[in-house]
Amino acid sequence: VQLVESGGGLVQPGGSLTLSCAASGFTFSSYPMSWYRQAPGKERELVARITSVGGYTNYADSVKGRFTISRDNAKNTVYLQMNSLKPEDTAVYYCTTLISRARSWGQGTQVTVSS
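Residue numbering note: each chain is counted from 1, following its sequence as written. In keeping with the predicted nature of the model, local features appear solely for residues at pLDDT of at least 70, side-chain atom pairs appear and are counted solely at 80 or more, and the whole-chain, interface and lining totals rest on all residues. The side-chain quantities take in all heavy atoms of the structure and omit both hydrogens and water.

(A) Spotlight on the overall build of the protein chain. The way it works is that DSSP assigns letters per residue, a run of H or I at least four long becomes a helix, a run of E at least two long becomes a strand, and they are numbered from the N terminus. On a plain count of helices and strands, the protein chain comes out with zero helices and 11 strands. The atom set for the radius of gyration is the C-alpha atoms, and the globule formula is 2.2 Å times the number of residues raised to the power 0.38. Relative to the 2.2 N^0.38 estimate, which gives 13 Å for 115 residues, the radius of gyration of the protein chain is 13 Å and therefore close to what a compact globule would have. The principal-axis extents of the C-alpha atoms in the protein chain amount to approximately 40 × 25 × 25 Å. A separation of at least 24 residues holds for 51% of the contacts in the protein chain among residues at least 6 apart in sequence. As displayed, the protein chain has an accessible area near 6000 Å², and 47% of this comes from carbon and sulfur atoms. Only four residue types enter the charge count: Lys and Arg as positive, Asp and Glu as negative, with His and the chain ends excluded. A charge is said to be at NZ when it belongs to Lys, at CZ for Arg, at CG for Asp and at CD for Glu. Between the centroid of the 11 positive side chains of the protein chain and the centroid of its 7 negative side chains there is a distance of 5 Å. Residues are treated as being in contact if the distance between any of their heavy atoms lies within 4.5 Å. With residues, only the protein chains shown are counted as cover, and all accessible areas are computed by Shrake-Rupley using a 1.4 Å probe.

Put into structure tokens, the structure is as follows:
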């Protein structure tokens, strides 16, 4: 299993970013995918989750209405569209999936929201 995140960077408050996670090594279309984030000094937290065919999504309360998770099973890629970014969204963002009770993580991509 390999998960490679991209798209992070520095953005001003109120700005937008789209993260991507390219997956390989497993049947991507068969598994739910999630985005987590970890801010300095804090525990890793769930941001958003999407089912295998994308029919159901759920979000952390802190990002509802601002973030959108989506997937393209033809491209083996999951996305996180982030709008109206706030300084408290600053964190390393990870994509992840659970296969046979083993959770796999990407290397993460840094998102910094600052003026």
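(B) Seen up close, the sheet that holds strand β3 (residues 17-24). Pairing between strands requires that DSSP locate at least two bridges from one strand to the other. On the basis of which strands lie adjacent, the open sheet formed by four strands has the order β1-β3-β8-β7 and antiparallel pairing. Each having just a single partner strand, β1 (2-6) and β7 (67-72) make up the two edges of the open sheet. Averaged over all adjacent pairs, the angle separating strand axes in this sheet is 15°, with direction ignored. Pairing of β3 with strand β8 (residues 77-82) involves six bridges; the strand directions are antiparallel. The residue bridging L17 from the neighbouring strand is M82, located in β8. For helices, the fitted line uses only the C-alpha atoms of the stretch in contact; every axis is such a line through C-alpha atoms, and the angle between N-to-C directions lies from 0 to 180 degrees.

(C) Representation of the state of the cysteines in the model. Only a pair of cysteine sulfur atoms within 2.5 Å qualifies as a disulfide here. Applying the stated criterion across every chain yields a total of one disulfide. Disulfide pairing places C21 opposite C95 at an S-S distance of 1.9 Å. On the sign convention where negative means left-handed, the S-S torsion of about 45° between C21 and C95 marks this disulfide as right-handed. Highlighted residues: C21 in strand β3 and C95 in strand β9 (residues 91-99), separated in sequence by 74 residues.

(D) Just the side chain of R71, in detail. Within the secondary structure layout, R71 lies in strand β7. We define a polar contact as two N or O atoms separated by no more than 3.5 Å, with the added condition that, inside protein, one atom must be a possible hydrogen donor and the other a possible acceptor, whereas residues neighbouring each other in sequence contribute only through side-chain atom pairs. Within polar-contact distance, the side chain of R71 engages the backbone oxygen of Y31 at 2.8 Å. Within the structure, the side chain of R71 is placed 2.9 Å from the backbone oxygen of T51, a separation counted as a polar contact. The residues touching R71, leaving out its near neighbours within four places in the chain, are F28, S29, Y31, P32, M33, I50, T51, S52, G54, T77, V78 and Y79.

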